[in-house]
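Listed below are the residues making up each chain.
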Amino acid sequence: MHLAAHFPGVNNTTVWADARSESQIDFSSFEHLARTAERGKFDFFFLAEGLRLREHNGRIHDLDVVGRPESLTVLNALAAVTDRLGLAATVNATFNEPYELARRLATLDHLSDGRAAWNVVTSSDAFTGENFRRGGYLDRADRYTRAAEFVATARELWDSWTPDGESRPFAHHGRHFAVSGEFTVPRSPQGHPVVIQAGDSDEGREFAAGAADIIFTRHGTLEAGREFYADVKARLAKYGRRPADLKIMPGVTFVLGDTDEEAQENAAEIRHQQISPQNALLALEQVWGRDLSGYDPDGPLPASDPVPDSDLVQGRVRHGDPLAVAARWRAVSEAKGLSIRQTVIETTGRQSFIGSPRTVAAQLTAFTEAGAADGFILVPHLTPGGLDDFVDRVVPLLQESGTFRSEYTGSTLRSHLGQADPVWKG
Amino acid sequence: MTANRPLHLAAEIGGPPHYDAGHYLALARLAERGTLDFVTLGDSFARPGPDALAVLSRIAPATDRVGLVPTVTTTHTEPFHVSSAVATLDWVSRGRAGWNAEVSTTEAEARLFGRRSAAPAAALWQEAGETADVAARLWDSWEDDAEIRDTATGRFIDRDRLHYVDFEGSTFSVRGPAIVPRPPQGRPVTVIDGTGTPAREPAARHADVVHIRATTPEQAAAVRDDVRRRAAAHGRDPADLRFLAALTVDLGDAETTPEPGLESGPRFAGRDSYFRGGPVDLAELITRWHRSGAVDGFHLTPITPARDLERIVNGTVALLQHRSLFRTFYPGGTLREHLGLTRPASRYALARTAGEGA
Ligand SMILES: Cc1cc2nc3c(=O)[nH]c(=O)nc-3n(C[C@H](O)[C@H](O)[C@H](O)COP(=O)(O)O)c2cc1C
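Q: Which parts of the structure should I look at to understand the environment of Pro50 of chain B?
A: By the element assignment, Pro50 of chain B lies in the loop between β2 (38-41) and α2 (52-59). On the accessibility criterion, Pro50 of chain B (8% relative accessible area) is buried. For the pair Pro50 of chain B and His18 of chain B, spaced 32 residues apart in sequence, the C-alpha to C-alpha distance is 7.6 Å. Once residues lying within four places of it in the same chain are set aside, the contact partners of Pro50 of chain B are Arg103, Thr107 and Val185 of chain A together with His18, Tyr19, Tyr24, Asp43 and Val55 of chain B.

Q: Is there a simple way to explain the pairing of strand β7 (residues 170-173) of chain A in this structure?
A: A regular strand places its side chains on the two faces of the sheet in alternate fashion. Residue and element names in this part refer to chain A. Across the two faces of β7 the burial differs, with Phe170 and His172 buried and Ala171 and His173 not buried at all. Across four bridges, β7 lies against strand β8 (residues 178-181) in antiparallel orientation. Each residue of the ladder has a partner; that of His172, found in β8, is Val179. In this structure, the hairpin formed by β7 and β8 is closed by a connection of four residues.

Q: Help me out: how do you make sense of the interface of chain B and chain A in this one?
A: By a frequent convention, interface size equals the accessible area lost on bringing the separate parts together. Contact with chain B, which involves 64 residues of that partner, is made by 59 residues of chain A. Roughly 5,300 Å² is buried in total at the junction of chain B and chain A, and carbon and sulfur atoms are behind 58% of that figure. Where chain B touches chain A, the interface holds five salt bridges. The shortest N-O distance in the salt bridge between Arg103 of chain A and Asp43 of chain B comes to 2.5 Å. For the pair chain B and chain A, the interface holds 30 residue pairs in polar contact (both at pLDDT 80 or more). Elements with a contribution of two residues or more to the side of chain B that touches chain A: α2, α3 (79-92), α4 (107-113), β5 (147-150), β6 (155-157) and β8 (173-174) of chain B. Among the elements that make up the side of chain B that touches chain A, the one with the highest residue count is α3 of chain B (nine residues). Looking at the side of chain B that touches chain A, its residues break down into 30 nonpolar, 17 polar and 17 charged.

Definitions and cut-offs
Residues numbered from 1 in each chain as written. Chains lettered and ligands numbered in written order. Predicted model: local features only at pLDDT ≥ 70, side-chain atom pairs only at ≥ 80, totals over all residues. Heavy atoms only, no water. Helix = DSSP H or I, 4+ residues; strand = E, 2+ residues; numbered from the N terminus. Buried < 20%, exposed > 50% of the residue type's maximum accessible area, 1.4 Å probe, protein only. Contact = heavy atoms within 4.5 Å. Pairing = 2+ DSSP bridges. Buried area = accessible area lost by both parts, 1.4 Å probe. Salt bridge = Lys/Arg side-chain N within 4 Å of Asp/Glu carboxyl O. Polar contact = N/O pair within 3.5 Å; in protein donor to acceptor, adjacent residues only side chain to side chain. Nonpolar A, V, L, I, M, F, W, Y, C, P; charged D, E, K, R; others polar.

Honestly, that's just the spatial picture; any functional story needs more than this.
See the structure below:
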């Protein structure tokens, strides 16, 4: 089993109002979570990215955590206070250039002695583009063609130095990039930093099957996970790759208690904190695509249908067809007699593993054994101490059963993943 | 000019490229032992070496006080990314970040990106100035107390204390606000080499520290006076700028062949003023220039960093400290404090409170 720690960023997973919640920005918070993950022998530490502050109804969203430092810079600093932990940065392929990003990633791989990873994301919206020269120039359809060419170009740059330290000129002339010259950084310890893909469409899965070492997914239920797992793994053969070459890791939350009952109570309490009355209405507006501030969060769902192509929400990916989501929410609400807030609590929770440490360890193991995941990216709900209990109480059980490593056997992230360094293609 | 203005010293820790952190860390710690204001790390997309900002981030948690100033080029990097990365260096170093703004003039650099062809220095420096401008606006775009964590209303931030910068430059525009909250120093320290004509305007408008390459105190003073005049014309207080003479130093043959006097026959290594001699002679030179009031201090580039920086710290700095010309400890924690620069208030906060007062 592979385990990673997600620094809880900008969304309503974080219960910032909890008295134990500290800064989302101070380096001490990043250091705490990373050291905890390394104490737990985790594969890697993960940072998400958003290049424009989210807006709701034309105003900056103010209910959830807002603001975060730039990922690669934070990870370079974390390389100083950790030894083995992989360091993964989400960096957008649309608003960056291959030469510069390949250089920054190779630098991180050198400065961390082979622990760098890049989560290639593809959001292309004009809203984010307003912060960049590029603007919103890229068609939705072109997101993955640019991302795939971006990764291929980066690999050409990383391969432009021979393994024995000789630099050769590179030249790439493709649809999205025409670059040539000499790369300034020798081949890095992992050859190529580890590549992660996050994005669920057919194009996204295909891109991952051809180019990624890890998929970060949201498929968190056992059934959805197995389906996704089988689909993605089946795509590998046509690229000459084996199933183990691409690790599937859903992002999941967890709640612990001394007993299963206590954990369930804790979980209910946390969901209540995450979905405040204000946040419930906001979630509703995100689906319905219009202002619903007049509604009572403790009252019923709106009778009318969502606006399909609304830009009420900016800077956040809308998942699924709003009409379908609304229909599902209505069904849940009617079947169980739930209010708006209760419905949102019920329907928006990402897969949570809830229970005593023993129960959670068993659930995680069942997931990997059922072919629904190769491991998990754990998203704690408290910063920075939200992983402490998991590492102290769940990890030892996984280690006892031989499901998870007790010691790092290698020093690079690829060695943690059990994947070979890429073959040099000079 | 008064002779007892505080002396400021900084050193470059580059030299031949290294790809492990140990080399840079040892040099930065050495500089910190000598209570230098800051270390710099040069960078360019076209010559071997790691990303400088990454290297200084890597060594930030392993140092305590010394300022960290990477070269960041503005020609091919998105201004929004520049601003975020420098602000983040300030967060991870707890207030010790600066950046040395540079441009990329060559066709070789342009080809690495394939987005635009090489342009004249004047146009690139105008763009660099705009990048420095928008970076500062983005650093101001979160007021210091924007994060409120108000459980009564459920609001994490006060969005009235976040601001769109709506910047329209000649080659780019940025909507804002920053994604990174206001960094510890308010604005990390901006360094620009103001020697060349195209860089003077951006230096006068945006730099906190101006490097000057000159071979006599008189030459340095002339550049300094020109930059000060321009700064005043832009409404800045010239006293808020620090001027450092840039000097490449070779302390290799200290005992045998002192060649101290820059004035008596300077040698140029590339475009830098060049000094060859012993640590004591270097201390004399620094003392003389500083007494003359031409500059606030020196930015030293050791020709062989591991050897020369050791001689600078244990020889030159020790002597300057002995003569009470240079401090023996860091009185503050941030780079701004080392430089005697105040922490600026956010322009948006000032505008908002002025509006409220009216
Ligand atoms: C688990 C997961 C995590 C993601 N994290 C980020 C992120 O941190 N930043 C970002 O800009 N996009 C992120 N994305 C968005 C994807 O990169 C992509 O733009 C989006 O999912 C739409 O692509 P798709 O149609 O292939 O799903 C994430 C997506 C998934 C599924």
